[in-house]
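# Summary of structural features
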Amino acid sequence: MNAPNPLLEIPQYGQSIWMDNLSRNLIVSGELQRLISTRGICGITSNPAIFEKAIAGNAIYDADIIAGAKAGLSVPQIYESLVFKDIQDACDIFRPIYDATQGLDGYVSLEVAPELARDTAGTVREALRYAEAINRPNVMIKIPGTPEGLAAVEQVIAAGINVNITLLFSVQSYVDTAWAYIRGLEARVAKGEPIDRIASVASFFLSRIDSKVDKLLMDIGTDAAKALLGKVAIANAKVAYERFQEILQDPRWQALAAQGAKVQRLLWASTSTKNPQYSDVMYVEELVGANTVNTLPPETIEACADHCHISDHLRDGFDQAEQVLAQVQALGIDLDQVMAELLAEGIQKFIDPFTALMRSLSDKVAQLTPA
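Let us look at the structure shown here. (Residues numbered from 1 in each chain as written. Predicted model: local features only at pLDDT ≥ 70, side-chain atom pairs only at ≥ 80, totals over all residues. Heavy atoms only, no water.)

On a plain count of helices and strands, the protein chain comes out with 16 helices and eight strands. The C-alpha atoms of the protein chain give 21 Å as radius of gyration, which agrees with the globular expectation for 371 residues (21 Å, within 12%). If you line up the protein chain on its principal axes, its C-alpha atoms span 65 × 50 × 50 Å. By residue count, 55% of the 371 residues in the protein chain fall in the buried class. A fraction of 79% describes how many contacts in the protein chain between residues 6 or more apart in sequence connect residues 24 or more apart. Averaging the positions of the 31 positive and the 46 negative side-chain charges in the protein chain gives two centres separated by 4 Å. (Helix = DSSP H or I, 4+ residues; strand = E, 2+ residues; numbered from the N terminus. Rg over C-alpha atoms; globule rule 2.2 N^0.38 Å. Buried < 20%, exposed > 50% of the residue type's maximum accessible area, 1.4 Å probe, protein only. Contact = heavy atoms within 4.5 Å. Lys, Arg positive; Asp, Glu negative; His and termini not counted. Charge placed at Lys NZ, Arg CZ, Asp CG, Glu CD.)

And the structure:
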């Protein structure tokens, strides 16, 4: 008899597992359906880095690239035709989950072009265009959590589109995100429009924080500093979750909930452990809790299926989490500055693969459709 899969225990604690990976191979091979069936995956996220890996050097897209080029599409238009098809097909695969959970899960996330991270109007325009072109109720448009992005989130939610706010690092950025969602819903209510089928997640990043802060702690090098290694990201997430619970008690949110509004769940992102000295499932085991999503890359999904120990740890140790962050600050590490740097780096980590993908697509068009 096979041992139970720990991943399948997680939903009983109120958390959903999504996968951070998407490619056409995954869809057409049946692997995505298998992961839904055997690993309990109930949503999927993508980003420019994921699509760059999926499309560059992959012959499965060649026929569509040729067709797009012959139709006179530009390279960005060809990119969109490839990606929109993958997103639509994935949405269709997840649609039964979306329907069965009444819109709680079953979402597929697609990011607006990363160079728009500081452009509110451009982000709103593209989010509306993407949602219309994909035309699936379970698509989520990803918008980065910059100040300009959050202004766009408010407008896009008010327009009735599902939004995944990404690249959240600081607790304050999460709080600002939650209120952008609330204001967007309030704008719909003011117009007499329904709010019960709009969903949003706030994607709060983890391992990148530890990677950056651990270097600063090692530079300090004291025993007090070393005692904090690998602890900051999870502490930061727990403090954000504490703020999340406070917002759920706010009268403005309560008024929206009474009209059917869906909770904007915290989504744990960047959950693959970068330091081999740490547990490869630390960002899963420590953050299981109600009204959350954890989006895992394939290798972390398999690691957790093999050896996760699941229990509701997320509500444990809020006081200790606050203390960890205070101790880091007391050592002279400016966490606000660290989080601001991580946001800037995160945007660049999406711009670079997007640029590389456009370049490789251009080369491929030239190769496949010689003059």
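So, on to the state of the cysteines. Counted by the stated rule, this structure contains one disulfide. Each sulfur of the disulfide joining C304 and C308 lies 2.2 Å from the other. Between C304 and C308, the S-S torsion sits near -115°, and that sign places the bridge as left-handed. Comparing C304 with C308, the two get one shared label, buried. (Disulfide = S-S within 2.5 Å.)

A few words now on the pairing of strand β8 (residues 292-296). Taking burial as the measure, the five residues of β8 include five buried ones, the bulk of the element. By the alternation rule, side chains of β8 split into T292, N294 and L296 and V293 and T295, which are all buried. Sheet topology note: the strand β1 (residues 15-20)/β8 ladder contains five bridges and is parallel. Counterpart to M19 in the pairing with β8 is L296. Judged from the three bridges that link them, strand β7 (residues 265-269) and β8 form a sheet pairing that is parallel. The residue of β8 that forms the bridge with W268 is N294. (Pairing = 2+ DSSP bridges.)

For residues other than glycine, phi is negative in most cases, and the peptide bonds are mostly trans. With a phi angle near 60°, L167 is a residue other than glycine that sits in the positive phi range. Here L167 shows up in strand β5 (residues 163-168). The phi dihedral of S270 is positive, around 55°, even though this residue is not glycine. Inspection of the secondary structure puts S270 in the loop between β7 and α13 (282-285).

Once that is clear, we can look at the packing of aromatic side chains. Throughout the structure, instances matching the rule amount to nine aromatic pairs. An angle of 45° between the planes, with centres 6.4 Å apart, marks the rings of Y241 and F318 as tilted. One end of the pair, Y241, is in helix α11 (residues 232-248); the other, F318, is in helix α15 (residues 318-330), with 77 residues separating them in the sequence. F318 carries the same exposure label as Y241, and that label is buried. Three or more aromatic residues joined by ring pairs make a cluster, and in this case those are W18, Y98 and Y107. (Phe/Tyr/Trp six-rings, centres within 6.5 Å; stacked < 30°, edge-to-face > 60°.)

Let's shift gears to empty space enclosed by the protein. With the rule as written, the count across this model stands at two cavities of 30 Å³ or more. The volume enclosed by the largest cavity comes to roughly 70 Å³. Taken together, Y174, A178, Y181, I182, F244, I247, L248, W253, V263 and Q264 make up the full set of residues lining the largest cavity. If you list the elements that add at least two residues to the lining of the largest cavity, you get α8 (171-190) and α11. Within this model, the second largest cavity holds a volume of roughly 40 Å³. Classifying every residue of the lining of the second largest cavity gives seven nonpolar, no polar and one charged. (1 Å grid on protein atoms, 1.4 Å probe; cavity = no way out; pocket = protein on both sides within 12 Å on 5 of 7 lines; lining within 4 Å. Points joined across faces, edges and corners; volume = space filled by probe spheres on them. Nonpolar A, V, L, I, M, F, W, Y, C, P; charged D, E, K, R; others polar.)

You can see L8 is positioned in the segment before β1. Taking the C-alpha atoms as reference, L8 lies 25 Å from I87; in sequence the two are 79 residues apart. The residues touching L8, leaving out its near neighbours within four places in the chain, are T38, R39 and G40.

The end-to-end C-alpha distance of helix α9 (residues 207-220) is 20 Å, a good match for the 20 Å that 14 residues give at a rise of 1.5 Å each. Within α9, the full set of buried residues consists of S207, R208, I209, D210, K212, V213, D214 and L217. Looking one or two residues past α9, G221 carries a phi angle of roughly 80°, positive in sign. (Expected span 1.5 Å × (residues − 1).)

As a further point, take the side chain of R24. Tracing the chain through its elements places R24 in helix α1 (residues 24-28). Engagement of the side chain of R24 in a polar contact is seen with the side chain of D64, the distance being 2.6 Å. Polar side-chain contacts of R24 include one of 3.1 Å to the backbone oxygen of L82. When near neighbours in sequence (up to four residues on either side) are disregarded, R24 contacts I60, Y61, D64, L82, K85 and D86. (Polar contact = N/O pair within 3.5 Å; in protein donor to acceptor, adjacent residues only side chain to side chain.)

Interaxial distance between α9 and α11 falls to 7 Å at its minimum, and their mutual angle equals 130°. Taken as axis vectors, α9 and α11 run oblique relative to one another. Every residue of α11 that contacts α9 at I209, D210 and V213 is listed here: V232, A233 and N236. Split into classes, the residues belonging to the contact of α9 with α11 amount to four nonpolar, one polar and one charged. (Axes fitted to C-alpha atoms, helices over the stretch in contact; angles between N-to-C directions. Parallel < 35°, antiparallel > 145°, perpendicular 65-115°, else oblique.)

As far as function goes, none of this settles anything; it's purely spatial.
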